[in-house]
Amino acid sequence: LGEKPRRRYDMWYIETMREQGSEAGDAVRFMLEGSDDAETWEVVGSSTSVSYYFQVIRTHQEAAVPLERGRVVTIDGRMDALHLVDMCLGIPKIFAKLLLVAFAAVGKLEWLRPTFVLDHGFQFGVRCFICLVSVAGGWSGPAHSAYIFHLLGMGFASLLGVVIFLRTPEVLELLLISFSLCLLLVQGI
């Protein structure tokens, strides 16, 4: 066809069977495979997927297929928008860290505290907001529950950093070590 073959498909649809009593025959858990030569096959889609950092992982779990007969169900394997927003939080986070280094380098130590508090307070607020919107939007099923716990853990790790920093600014090293440990624990979950 003159076009480079795709390695995955982001969205497709299935239609439930039209006959009454045919619910047991509906495709609810499946893998979509593709081949360039009809001999070597690879998984290019799935009945379900989850977003993990900048990847979409196909989980092959049970899709939410309605019992209504003849209904078209769209299966969306793209990264959900809220996850993408969470991943884009890295940009202001890196910018804030560069500001901290720049302020320290030019001797503006009085600007370190507000920059740190604003950065981590912002991270806490946005992650909690994304978590609440995810739960309210019905994305709290088994496929997304680990991500919601990840959001809460990352948000509260940021809040913990702000609290420790505001209460005891002289123990900045302890703050950085505890914050790093919290991040490692959350990412391990």
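Described in the following lines is the structure provided in the data block. Because the structure is a prediction, the values reported are computed rather than measured.

Thresholds applied
Residues numbered from 1 in each chain as written. Predicted model: local features only at pLDDT ≥ 70, side-chain atom pairs only at ≥ 80, totals over all residues. Heavy atoms only, no water. Helix = DSSP H or I, 4+ residues; strand = E, 2+ residues; numbered from the N terminus. Buried < 20%, exposed > 50% of the residue type's maximum accessible area, 1.4 Å probe, protein only. Areas by Shrake-Rupley, 256 points an atom, 1.4 Å probe, with all protein chains shown as cover. Axes fitted to C-alpha atoms, helices over the stretch in contact; angles between N-to-C directions. Parallel < 35°, antiparallel > 145°, perpendicular 65-115°, else oblique. Contact = heavy atoms within 4.5 Å. Nonpolar A, V, L, I, M, F, W, Y, C, P; charged D, E, K, R; others polar. Phe/Tyr/Trp six-rings, centres within 6.5 Å; stacked < 30°, edge-to-face > 60°. Salt bridge = Lys/Arg side-chain N within 4 Å of Asp/Glu carboxyl O. Core = buried A, V, L, I, M, F, W, Y, C linked by side-chain atoms within 4.5 Å. Pairing = 2+ DSSP bridges.

Along the protein chain, the regular secondary structure elements total five helices and six strands. Relative to its 189 residues, the protein chain shows a buried fraction of 33%. Put simply, the protein chain shows about 12300 Å² of open surface, and 66% of that area lies on carbon and sulfur atoms.

What follows deals with the packing of helix H1 (residues 81-88) against helix H2 (residues 90-105). For the pair H1 and H2, the least separation of the axes is 5 Å and the interaxial angle reads 10°. Taken together, the axes of H1 and H2 are roughly parallel relative to one another. Along its contact with H1, which presents Asp-86, Met-87 and Cys-88, the element H2 presents Gly-90, Ile-91 and Pro-92. Looking at the contact of H1 with H2, its residues break down into four nonpolar, one polar and one charged.

Geometry of an aromatic ring pair is reported as the spacing of the ring centres plus the angle between the planes. A full pass over the atoms with the stated rule returns two aromatic pairs. Taken together, a centroid distance of 5.0 Å and an interplanar angle of 80° make the contact between Phe-103 and Trp-111 edge-to-face.

For the rest of this paragraph, the subject is the pattern of salt bridges. As enumerated under the stated definition, the model contains six salt bridges in all. Of the charged contacts, one joins Arg-69 and Glu-23 as a salt bridge, the two residues approaching to 3.7 Å between their closest N and O atoms. On the criterion of sequence distance, the pair formed by Arg-69 in the loop between strand S5 (55-58) and strand S6 (72-76) and Glu-23 in the loop between strand S1 (11-15) and strand S2 (31-34) is long-range, its members being 46 residues apart. Residue Arg-69 is classed as buried on the basis of its relative accessible area of 12%. Judged by its relative accessible area of 32%, Glu-23 falls in the partly exposed class. With a shortest N-O distance of 2.4 Å, Asp-119 and Lys-97 are connected by a salt bridge. Placement of the pair is Asp-119 in helix H3 (residues 112-136) and Lys-97 in helix H2, with a sequence separation of 22 residues.

The N-to-C vectors of H1 and H3 enclose an angle of 170°; their axes lie 10 Å apart at closest approach. In terms of axis orientation, H1 runs roughly antiparallel to H3. Along its contact with H1, which presents Leu-82, Val-85 and Asp-86, the element H3 presents Arg-127, Ile-130, Val-133 and Ser-134. Split by residue class, the contact of H1 with H3 holds four nonpolar, one polar and two charged.

In terms of nonpolar packing, the biggest core is built from eight residues, these being Leu-82, Leu-89, Val-126, Ile-130, Cys-131, Tyr-147, Ile-148 and Leu-151. Where this core is concerned, the elements lending two or more residues are H3 and helix H4 (142-167). Counting seven residues, the second-largest nonpolar core is a separate cluster that includes Trp-12, Ala-63, Val-73 and Ile-75.

We now examine the pairing of S1. Alternating positions in S1 separate cleanly, Trp-12 and Ile-14 being buried on one face and Met-11, Tyr-13 and Glu-15 remaining unburied on the opposite face. As paired elements, S1 and S6 share five bridges and run antiparallel to each other. Residue pairing for S6: Met-11 is matched across the bridge by Asp-76.

A separate point is the side chain of Asp-119. The class of Asp-119 is buried, set by a relative accessible area of 6%. Filtering out sequence-adjacent residues up to four positions away, Asp-119 remains in contact with Pro-92, Lys-93, Ala-96 and Lys-97.

Mapped onto the elements of the fold, Met-79 is located in the loop between S6 and H1. Looking at Met-79, the relative accessible area reads 21%, which means it is partly exposed. In sequence terms Met-79 and Ser-51 are 28 residues apart; their C-alpha atoms lie 5.5 Å from each other.

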